[in-house]
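A look at the structure
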Amino acid sequence: MEFTGQQKEVRRWLERRRGILLAHNYQPGEIQDVADFLGDSLALSMTAAQTPAEVIVFCGVHFMAETAAILCPDKTVLLPREDVGCYMAATITGEQLKARKAELPGVPVVTYVNSTAAVKAESDICCTSANAIQVVNSLAPSRILMVPDRNLALYTARRTSKEILYWEGCCNVHDGLSAAEVQACQAAHPQAVFLAHPECRPEVLDLAQVICSTSGMLQYARQSSGREFIIGTEMGILHTLRTENPAKLFYSPSPRLVCPDMKRITLSDVINALKDNRHRITVPEEVRRPALLAVERMLAVPRD
Ligand code: 13P
Ligand code: SF4
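Residues take numbers from 1 onward in each chain, read along the sequence in its written order. To read the labels, note that chains go from A and ligands from 1, taken in the order they are written. Given that the model is predicted, a residue must reach a pLDDT of at least 70 before its local features are reported, and side-chain atom pairs must reach 80 or more before they are shown or counted; all residues, however, enter totals for whole chains, interfaces and linings. With hydrogens and water excluded, all non-hydrogen atoms of the structure serve as input to the side-chain values.

1. Focus: unusual backbone geometry
Note on backbone geometry: most residues besides glycine have negative phi, and most peptide bonds are trans. What counts here: Going along the chain from the N terminus, every DSSP run of H or I of four or more residues is numbered as a helix, and every run of E of two or more is numbered as a strand.
Omega for the peptide link from V147 to P148 comes to -10°, which places this bond in the cis form. Mapping P148 onto the fold places it in the loop between β7 (143-147) and α8 (150-157). H279 follows R278 through a cis peptide bond whose omega is -10°. Within the secondary structure layout, H279 lies in the loop between α14 (267-276) and α15 (285-300).

2. Focus on the site of ligand 2
Selection rule: Any residue with a heavy atom positioned within 4 Å of a molecule or strand is treated as near that molecule or strand. Three categories are distinguished: nonpolar for Ala, Val, Leu, Ile, Met, Phe, Trp, Tyr, Cys and Pro, charged for Asp, Glu, Lys and Arg, and polar for the others, with Gly belonging to the last.
The immediate surroundings of ligand 2 are formed by Y26, V61, C86, Y87, N114, C171, H174, E199 and C259. The residue makeup of the shell around ligand 2, split by class, is six nonpolar, two polar and one charged.

3. Digging into the nonpolar core
In plain terms, the rule: What makes a nonpolar core is a set of buried Ala, Val, Leu, Ile, Met, Phe, Trp, Tyr and Cys residues whose side-chain atoms join them at distances within 4.5 Å. Relative accessibility thresholds used throughout: buried, under 20% of the residue-type maximum; exposed, over 50%; partly exposed, between the two (1.4 Å probe, protein chains only). Note on definitions: a residue-residue contact is assigned when non-hydrogen atoms from the two residues lie within 4.5 Å.
Counting residues in hydrophobic clusters, the biggest one holds 87 residues, and the most contacted among them are L21, V110, M146 and V270. If sequence neighbours within four positions are ignored, M146 has contacts with V110, C127, A132, V136, L152, A153, T156, I164, L165, Y166 and W167. Core analysis: the second largest hydrophobic core is formed by 13 residues, C212, L218, F229 and L238 among them.

4. Quick word on the environment of S215
Using the following cut-off: Each polar contact in these results corresponds to two N or O atoms within 3.5 Å; when the atoms are within protein, one needs to be able to donate a hydrogen and the other to accept it, and residues that are neighboring in sequence are counted only if both atoms are side-chain atoms.
Looking at where S215 falls in the secondary structure, it is placed in helix α12 (residues 214-223). For S215, a relative accessible area of 19% corresponds to the buried category. For the pair S215 and L42, spaced 173 residues apart in sequence, the C-alpha to C-alpha distance is 9.1 Å. Apart from residues lying up to four places away in sequence, S215 is in contact with N25, G39 and D40. One polar contact links the side chain of S215 to the main-chain amide nitrogen of D40, over a distance of 2.9 Å.

Right, here's the structure in full:
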């Protein structure tokens, strides 16, 4: 693929700063195309943990850059904009989790990575949408508290013998997708395979043939002999699905599957971030150390 002038400038600045660009699958297409690594939350955390690069430019939302800063305190982690939060991560604070834990002595806390460093620091172990079931099953106790996503917790509860308690958080983008919207899209495209993200409501997941993380969807579409797919997640992923599979058709079941925070970063923001070393994301040591333990425990859980 031929880079645009701005994309070439991004690559020049990355070379000059000995940096790498990590981008989430929901990022704008022009950012996905120029990235060194494109992935889901789990793959991006693992790449950040292993890269020898000195500078990591994180094109995603704040909690993702914070996870990279937790894993790599000696590297410079840059988030090209400061105003890229996550609705779900804002549904719980470290203080709220602390108070809930006091009501549930002996119950381990599994925290979805879509959370602040302060919440991770109060947790026993983290999980992502790609490994939630394995993480829960890796713990000995039979009762587990999952935060902050109610839908990921309900999805996991149906696939483990453990009792799952949960926090009433959600992603407004995924939680807003209705079963009626999916059924209408299925009626219009009866041959299509419906892939859904576990952040969707249970009644939406009940309609899915495949439930997986964003990278799981990319992998499934690559390998599938199917030709049509309905994609139950944020529609930024359609860019790479279509680029990688030009002979296949991808449909979004709702025009509202857009995460505004994931759409803010521009190529100019990336260039300015590398030029001016901004916005550097750091986590205070007293928060970083316990948060790191929770993330490292997750990374140590074997994947199926
Ligand atoms: P993935 O880990 O599946 O990429 O999901 C991240 C996310 O923010 C979903 O809304
Ligand atoms: Fe957060 Fe939802 Fe956006 Fe993912 S899609 S970053 S969970 S608000």
